[in-house]
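Chain residues, written in single-letter form:
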Amino acid sequence: MSKMAVIYWSMSGNTEAMASAIAEGARGAGAEVDLMQVSEVSVDQALSYPLLALGCPAMGAEVLEESEFEPFFAQLEGRLSGKKVALFGSYGWGDGQWMRDWQARTEGANANLYQEGLMVNETPDDAALEQCRAFGAGFAAF
Ligand SMILES: Cc1cc2nc3c(=O)[nH]c(=O)nc-3n(C[C@H](O)[C@H](O)[C@H](O)COP(=O)(O)O)c2cc1C
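Cut-off values and rules
Residues numbered from 1 in each chain as written. Predicted model: local features only at pLDDT ≥ 70, side-chain atom pairs only at ≥ 80, totals over all residues. Heavy atoms only, no water. Near = heavy atom within 4 Å. Polar contact = N/O pair within 3.5 Å; in protein donor to acceptor, adjacent residues only side chain to side chain. Areas by Shrake-Rupley, 256 points an atom, 1.4 Å probe, with all protein chains shown as cover. Helix = DSSP H or I, 4+ residues; strand = E, 2+ residues; numbered from the N terminus. Nonpolar A, V, L, I, M, F, W, Y, C, P; charged D, E, K, R; others polar. Salt bridge = Lys/Arg side-chain N within 4 Å of Asp/Glu carboxyl O. Buried < 20%, exposed > 50% of the residue type's maximum accessible area, 1.4 Å probe, protein only.

S.K.: Got a sec to walk through the site of the ligand? Specific residues and values, please.
M.R.: In the vicinity of the ligand, 18 residues are found, and the nearest of them are Ser10, Met11, Ser12, Ala58 and Ser90. In this structure, an oxygen atom belonging to the ligand sits 2.6 Å away from a side-chain N or O atom of serine 10. Within the side chain of serine 90, a nitrogen or oxygen atom sits 2.6 Å from an oxygen atom of the ligand. Alone, the ligand offers 650 Å² of accessible surface; in the complex the protein occludes 84% of this. Among the elements of the structure, helix H1 (14–28) and strand S4 (84–91) are those that each provide at least two residues to the shell around the ligand. Looking at the shell around the ligand residue by residue, the class counts come to 7 nonpolar, 9 polar and 2 charged.

See the structure below:
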């Protein structure tokens, strides 16, 4: 059984809703999943999972949230080589630049990136939640 960590930061709950649906989809596909806020997990712990799904909304000006998530990812980044990683997050008025930059960093770290990062505009509706479940199920089999 594949072991997956779904690690996220969320201020107003949108990325959290995505994270829960991704975890649900992955569990439905047979993965063993731990769903955690970024403040609850160390970099070493995160790296102990073969599958790492990371969620953070667009914050600041098209960047990752700067007080918790960015420091976490910055530490993880140098150790992602060969790691199976999926990225997701909610955004507002932007065009997804934060996700393109995040993907480029992840690929630059030689991680094994699953698909394109999954983006949802603001609060995920039923269709977006279904997309999240499918994303989680697909990542479980990656
Ligand atoms: C301080 C702040 C900065 C934001 N910066 C951006 C941004 O640069 N680009 C964007 O598309 N949305 C931006 N947003 C919108 C959030 O990404 C969006 O509301 C998202 O759904 C929040 O996710 P959450 O509920 O998981 O916190 C920003 C929101 C806040 C509060």
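Anyway, onward from the coordinates.
S.K.: Residues and numbers for the pattern of salt bridges, please.
M.R.: A full pass over the atoms with the stated rule returns 7 salt bridges. Between glutamate 77 and arginine 105 there is a salt bridge, and its shortest N-O distance comes to 2.8 Å. Here the residue glutamate 77 occupies a position in helix H3 (residues 69–77), and arginine 105 occupies one in helix H4 (residues 97–108), the gap between them amounting to 28 residues. For the salt bridge of arginine 133 with glutamate 130, the shortest nitrogen-to-oxygen distance reads 2.7 Å. Placement of the pair is arginine 133 and glutamate 130 together in helix H5 (residues 126–140), with a separation of 3 residues, close to one helical turn. Residue arginine 133 is classed as partly exposed on the basis of its relative accessible area, which comes to 25%. Among the charged side chains, a network of salt bridges with common partners joins Glu24, Glu130 and Arg133.

As far as function goes, none of this settles anything; it's purely spatial.
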